[in-house]
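Tertiary structure, described
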There are 2 protein chains.
Amino acid sequence: MGADIGVKGRRRVMIEGVTPEVDCGRFPVKRVVGQDVVVEADAFTDGHDQVVCVLRFRKDGARSWQERRMTALGNDRWRASFPVVELGRYRYTVCAWVDRFLSWHHEFERRQDAADIASALQVGAGLVGEAAGRARGVAKKQLREMAAGLVNEDPLEQRRELALSDELAERMRRHPDRDRQTAYSRELVAEVDRTRAGFSTWYELFPRSTVNDGHERGSLKLCVERLPYVAKLGFDVLYLPPVHPIGRTNRKGPDNALVAGETDPGSPWAIGAEEGGHKAVHPELGTLEDFRDLCAAAAKLGIDVALDIAFQCSPDHPYVREHPQWFRHWPDGRIQYAENPPKKYEDIYPFDFESDDWQALWIELASIFEFWIEQGVTIFRVDNPHTKPFPFWEWLIARIRKAHPGIIFLAEAFTRPRIMHRLAKLGFTQSYTYFTWRNTKQEITEYLTELSQHPSREYFRPNLWPNTPDILHEFLQLGGRPAFVSRVTLAATLAANYGIYGPAFELVEREPREHGTEEYKASEKYQVRRWDLGRPETLSHYISRLNRIRHDNPALQYDWRLEFHAVDNEDLICYSKSTADFRNIILAVVNLDPHHRQSGFVELPLQDWGMDASQVYEVHDLLSDARFMWHGPRNYVELSPDGSQAHVFRVRQRVMTEQDFDNFA
Amino acid sequence: MGADIGVKGRRRVMIEGVTPEVDCGRFPVKRVVGQDVVVEADAFTDGHDQVVCVLRFRKDGARSWQERRMTALGNDRWRASFPVVELGRYRYTVCAWVDRFLSWHHEFERRQDAADIASALQVGAGLVGEAAGRARGVAKKQLREMAAGLVNEDPLEQRRELALSDELAERMRRHPDRDRQTAYSRELVAEVDRTRAGFSTWYELFPRSTVNDGHERGSLKLCVERLPYVAKLGFDVLYLPPVHPIGRTNRKGPDNALVAGETDPGSPWAIGAEEGGHKAVHPELGTLEDFRDLCAAAAKLGIDVALDIAFQCSPDHPYVREHPQWFRHWPDGRIQYAENPPKKYEDIYPFDFESDDWQALWIELASIFEFWIEQGVTIFRVDNPHTKPFPFWEWLIARIRKAHPGIIFLAEAFTRPRIMHRLAKLGFTQSYTYFTWRNTKQEITEYLTELSQHPSREYFRPNLWPNTPDILHEFLQLGGRPAFVSRVTLAATLAANYGIYGPAFELVEREPREHGTEEYKASEKYQVRRWDLGRPETLSHYISRLNRIRHDNPALQYDWRLEFHAVDNEDLICYSKSTADFRNIILAVVNLDPHHRQSGFVELPLQDWGMDASQVYEVHDLLSDARFMWHGPRNYVELSPDGSQAHVFRVRQRVMTEQDFDNFA
């Protein structure tokens, strides 16, 4: 008859709606060391009994759970948080139970009838006695005494006071009856990265273009010489395109010409030649030792070296000879080059992840990451991860991070939203975004609101790039220097992670290969460029200043507290970031029009910021160092391409007025 | 080394975001027989390969899955639906795979190079040959021939045509290579109810008040006599408060008086006496046979009998004597009556679901439902389910519905939102709502939008009540007959399931026990009432008309297609319901002001309805039978408490104009 009843019928608390939770717990949420994980849950029971709800958490591998009581927010919602202090994975879940003592207490304090109070004291003594049974040592003794005190000869009122005392409540709180507690059905995971995963400033350069006087080509050694420049600009990640030997077969010439000249260097993404493949350094760039030296020198300046990992081979790559089974073949035996008919990429062989030898391929590809980690690489920028299988990346990133939890992976997946999100969920630490193509106020507001406020922020960490070697947006082509100023200011202040492809960016390089394309003219992808870092147009001072501001202001080092504010001008965008305690409030206003002066009134949420709207406050432009006194939420701003294109204010309430002087009045 | 790779690395399609899905599949979605379950999913793979996505479904217990191809909606979203034609549970899930032939086909049709085409034909022949290996009989033979045809001596263009032929595509579609298909990680469930679960019209009455001339009290026999009246009003569920013997100990008198007089009948919710408990009929109402007769007579009129199940006992209930362990005791041995200190309900003992004998209690309580099902009850209205454990209800409803899948459970849980929702998720077919307290335009719009559009509609089926024996809202008390008209019109046209507590409602009974309470004066809960069904104020004709309109118009029999429309008057509310094919469009306008005439312009979405906005259309008031010709989206309406308080229009485009006549022009 009742065989289907089971044994859990008296677990009366329901737990649901636990946040954060990604895809029913299938994927972790992301945090960096030092942050909190704020957990909420719905927990409730039938009837009027009192529920206690606890958050449980532990570092992966730790023997036991730590617990924190959750706070009732009303409407059956509960909240608590735990700090993540170490790299790696934390687990968390929620437990709750009907607390019989609290339920009794809740009724008891409202009882008015003396006979009922006397009866209820007997019930209470029973509950306290049971708790004594669960306690040890001194606590056991104290609880026993209190249980006795509830039903001794003392006057009723005195015993009632004991029953309602904080002391009893506190003791009972420590020895609850959890026999029938409910545990949430899933254990959830928080993946904890190092700080730089959440706050990083990237500079991409082509090592072969670090040409100095007296050199014809750049090199890894010359990269070392370039490091102080990169550091002075305030960047903390130096990101290098592939540094490996470049294939000769079907090598591309300047501006993607189908045939290369004898001395043309080819594209760094056509990886592999006689000299080696993904684990070799191009001889023209230097040696493996040079590479290690570069990593070490960068580390001394607090700079991570990020290496581009592009899983594809030139026809001359050793893998092609040694592991032909890793590539797809035509029936006649030829290996299939990359193509998207009618387009052909004859200098590139993609790997065939459907190969019967796929497991060996995975292991070899993983060893490439391991190899470069040994040389000193701490960050990988992964080229087109969306053209390789998702299970591969999930396996690979878990494997690498298990051994090296500080390693950061940036996904260069310029593709459809679900795919970008899946890559982020399965483990990529940071992700490229559509920012490069979001230029109007509405586009920027909508997109950054999504990035910073949508639940996907739990796993998708945006990294904003105003340019890349593949993307010179028309806005930059046509807008010139003021456009560059606007875009880099947006990237640097909208997102905690951003980067530029330099020196093209700071030197305001803006000639496209032809009208209607986003390709650079004389792109470094196919040729060496000699950059004149002293070009008068250079934005190096401006960028240096921006990055200093980012460094000094914790509000800019975190994405979730971004908020947009109204301005009555479609060409001006206004937003703020603030720390949770509002001790650091950064307010940015950027002119999106690279051609004309624009002005308008901004509207600020002073009360949300904990400010006294009736008092003046200071806005200090950290770019120009100018200070203004503002009053009230509505204030005038004016920006101009030939003056300043942006304000980055620090907002502070003036704490002193004349009334603060002792002798006033 | 690679031991952690596993074997699924070549399952390259990801499936996520499947809808509908309640709490990660923990709970079923609800449908009624004859509806469709529309399933969507995100499915995508790496690179440019072509994905095929199928919906799988089966009746619980069926041996194999049925499948339907899903349609790509763009942006990696897919959709298909399946019909539910039988009571009980259906399972559904999603599968997808990279289709090698489609991927090949997609590239092939864009190939321009003759040598490439020749090579690709060879590859294609291989794929078709493999498909032949999977096929049988004629299909096998045809595929073999086609494979040969791709690589025979025919001219290239002829073979290319074969490769791209619909015939080959169709054959290949039937024999896909699904070795590496991905199955969504969960099987989801749709719980299928009978039609009345989704469209029902309830009438609650107290059997003891069906007093006729010549009788002092009502009875089940007199209920039978009342049935034609109920049917004439258009109700299809007759809902009875508990019909069991009523306790004498601490029996309540009229208007909830603490002490009852000798002849006071007591509250039907103080269940159980000498004469029996939850499985007995109160002798004053009649016999079990009378009860069965009532059910049978109702069934003949197409009316379901719904019985109230209230799990609580009077001190005189046989259970108290036979199963004292099912109740909570004071240390001195007394059984604890219900209380919410300082309030006491001394005529009621709640069950103690924490009893050590809880399993026997569950089984006995389940047997109560089984008992009444045997007598002819098909619907249960459950009193205060939120004061009994959730695991109990989930077990009970599953158990009952397994044997009797047509049984409907209505949850009377006037409590906090999460609790109401959980009860709906775990199995209650319909739920009481907050409608009774939502009276302004904004309140009604927000709440009904939530009920009809929020994802919770997958499991939460609202049943709207303008009044109950416990709730005579102040709006009815003060607004009088026009308020009753507005509220019943709203209930009947906003929701497919609604009910009234009569004859109090149709007789416009509106005296509260005292100012500031929602209790009826001389409430039937504590005394017998003799209703004069012929009161001139009666709304019986109006309600009868409303219910006829509901019966005749499928748009009103379904909740999800409710839409609110703008009216430039806060006292007028306007909304529509339509069938998916727009052949039945019902437009309601209700005056929410019971005291004054109100007028305004309504704004209609003619284009959404597939109507030609430049042509006139007819709105036919199904309440008054008046017809109006309207033109364009904006039209004037005027409603008045002393005229009509509501329009319930059927909207139809006039199909005939003078130009339709042959002799025109």
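Here the structure is shown first, and the text comes after it.
To keep things clear, this report deals only with the structure shown in the data block.

Calculation criteria
- Residues numbered from 1 in each chain as written.
- Chains lettered and ligands numbered in written order.
- Predicted model: local features only at pLDDT ≥ 70, side-chain atom pairs only at ≥ 80, totals over all residues.
- Heavy atoms only, no water.
- Axes fitted to C-alpha atoms, helices over the stretch in contact; angles between N-to-C directions.
- Helix = DSSP H or I, 4+ residues; strand = E, 2+ residues; numbered from the N terminus.
- Contact = heavy atoms within 4.5 Å.
- Nonpolar A, V, L, I, M, F, W, Y, C, P; charged D, E, K, R; others polar.
- Core = buried A, V, L, I, M, F, W, Y, C linked by side-chain atoms within 4.5 Å.
- Buried < 20%, exposed > 50% of the residue type's maximum accessible area, 1.4 Å probe, protein only.
- Buried area = accessible area lost by both parts, 1.4 Å probe.
- Salt bridge = Lys/Arg side-chain N within 4 Å of Asp/Glu carboxyl O.
- Polar contact = N/O pair within 3.5 Å; in protein donor to acceptor, adjacent residues only side chain to side chain.
- Least-squares fit on C-alpha atoms with pLDDT ≥ 70 in both.
- Pairing = 2+ DSSP bridges.
- Phe/Tyr/Trp six-rings, centres within 6.5 Å; stacked < 30°, edge-to-face > 60°.
- Lys NZ or Arg CZ within 6 Å of the ring centre and 35° of its normal.
- Parallel < 35°, antiparallel > 145°, perpendicular 65-115°, else oblique.
- Disulfide = S-S within 2.5 Å.

Before going further, it helps to spend a moment on the packing of helix H8 (residues 288-300) of chain B against helix H10 (residues 358-375) of chain B. Residue and element names in this part refer to chain B. The geometry of H8 relative to H10 is characterised by a closest axis approach of 9 Å and an angle of 65 degrees between their N-to-C directions. Listed contacts from H10 to Leu288, Phe291, Arg292 and Cys295 of H8 are Phe371, Trp372 and Gln375. Residues belonging to the contact of H8 with H10 are distributed by class as follows: 5 nonpolar, 1 polar and 1 charged.

One finds Phe291, Trp372 and Phe380 of chain A to be the most contacted residues of the largest nonpolar core, which totals 147 residues. Beyond its immediate sequence surroundings of up to four residues, Trp372 of chain A is in contact with Val243, His244, His278, Lys279, Ala280, Val281, Leu288, Phe291, Leu307, Ile309, Val377 and Phe380 of chain A. Membership of the second largest hydrophobic core comes to 146 residues, among which are Trp269, Phe435, Tyr459 and Trp531 of chain B.

With 70 residues of chain B at the contact, the number on the chain A side is 70 residues. Contact between chain B and chain A buries roughly 6400 Å² in total, counting both sides, with carbon and sulfur atoms accounting for 51%. Seen at the junction of chain B and chain A, the total is 20 salt bridges. Here Arg12 of chain A ties to Glu354 of chain B by a salt bridge, and the two come within 2.8 Å at their closest N and O atoms. Counting across the interface, chain B meets chain A through 34 residue pairs in polar contact (both at pLDDT 80 or more).

Right, let's talk about the relation of the copies chain B and chain A for a bit. The two copies are related by a screw operation: chain B maps onto chain A through 180 degrees of rotation and 0.0 Å of translation along the axis, at an RMSD of 0.1 Å. The symmetry that links the two subunits is that of a two-fold axis. Distance from the rotation axis, computed per C-alpha, reaches its smallest value in chain B at Cys24 of chain B: 3.1 Å. Here 100% of the interface residues in chain B have copies in chain A that are interface residues too; the copies meet face to matching face.

It is worth spelling out the sheet that holds strand E6 (residues 71-74) of chain B at this point. Spatial strand order, E1-E3-E7-E6 (chain B): 4 strands in an open sheet with antiparallel pairing. In this open sheet, the two strands that pair with only one neighbour each are strand E1 (14-19) and E6 of chain B. Taken over all neighbouring pairs, the strand axes of this sheet differ in orientation by 30 degrees on average, direction set aside. In terms of strand pairing, E1 of chain B meets strand E3 (residues 36-44) of chain B through 4 bridges, oriented antiparallel. Counterpart to Thr19 of chain B in the pairing with E3 of chain B is Glu40 of chain B. The strands touched by helix H12 (residues 417-426) of chain A within the sheet are E1, E3 and strand E7 (77-83) of chain B, with E1 of chain B carrying the most contacts at an inclination of about 110 degrees.

This brings us to the pairing of E3 of chain B. Residues and elements named next belong to chain B. Counting buried positions along E3 yields 7 of 9 residues, so the element is predominantly enclosed. Relative to E7, E3 runs antiparallel, the two sharing 7 bridges. Bridge assignment links Ala41 to a residue of E7, and that residue is Trp78.

Another aspect to go through is the packing of aromatic side chains. All told, the structure shown has 94 aromatic pairs over all chains when counted by the stated rule. Arranged with centres 5.0 Å apart and planes meeting at 85 degrees, the rings of Phe371 of chain B and Trp372 of chain B form a pair that is edge-to-face. In this pair, the class of Phe371 of chain B matches that of Trp372 of chain B, namely buried. Ring geometry for Trp630 of chain B against Phe649 of chain B: centres 5.3 Å apart, planes inclined by 70 degrees, an arrangement best described as edge-to-face. In this pair, Trp630 of chain B is assigned in strand E28 (residues 627-631) and Phe649 of chain B in strand E30 (residues 646-653), connecting sequence segments 19 residues apart. Accessibility assignment for this pair places Trp630 of chain B and Phe649 of chain B in one class, buried. For the cation-ring pair, Arg487 of chain A lies above Phe435 of chain A, with the distance from its terminal atom to the ring centre recorded as 4.0 Å. Sitting over the face of the ring of Trp65 of chain B, Arg58 of chain B holds its NZ or CZ atom 4.3 Å from the ring centroid.

Of note, Thr489 of chain A is situated in helix H14 (residues 474-494). Excluding anything up to four places from it in sequence, Thr489 of chain A contacts Leu494, Tyr542, Leu546, Tyr575, Val590, Ala646 and Val648 of chain A.

Below, the discussion takes up the pattern of salt bridges. Scanning all chains against the criterion turns up 128 salt bridges over all chains. Three or more residues joined by partner-sharing salt bridges are found here, namely Arg12, Asp46, Asp49 and Arg180 of chain A together with Glu354 of chain B.

As a further point, take the packing of helix H7 (residues 220-232) of chain B against H8 of chain B. Residue and element names in this part refer to chain B. Where H7 contacts H8, the axes come no closer than 9 Å and their chain directions differ by 10 degrees. Classified by the interaxial angle, the pair formed by H7 and H8 is roughly parallel. In contact with Leu220, Lys221, Cys223, Val224 and Leu227 of H7, H8 contributes Asp290, Phe291, Leu294, Ala297 and Ala298. When the residues that make up the contact of H7 with H8 are grouped by side-chain class, the tally is 8 nonpolar, no polar and 2 charged.

A word on the state of the cysteines. Covalently bonding the sulfur atom of one cysteine to the sulfur atom of another cysteine gives a disulfide. Across all of its chains, the model carries 1 disulfide over all chains by this definition. Paired through a disulfide, Cys24 of chain A and Cys24 of chain B show a sulfur-sulfur distance of 2.0 Å. Residues Cys24 of chain A and Cys24 of chain B share a disulfide whose torsion about the S-S bond is about -100 degrees; that sign makes it left-handed. Taken together, the residues Cys24 of chain A in the loop between strand E1 (14-19) and strand E2 (29-32) and Cys24 of chain B in the loop between E1 and strand E2 (29-32) connect one chain to another. For the pair formed by Cys24 of chain A and Cys24 of chain B, the shared burial category is buried. As a non-bridged cysteine, Cys295 of chain A has Cys223 of chain A as the owner of its nearest cysteine sulfur, 10 Å distant.

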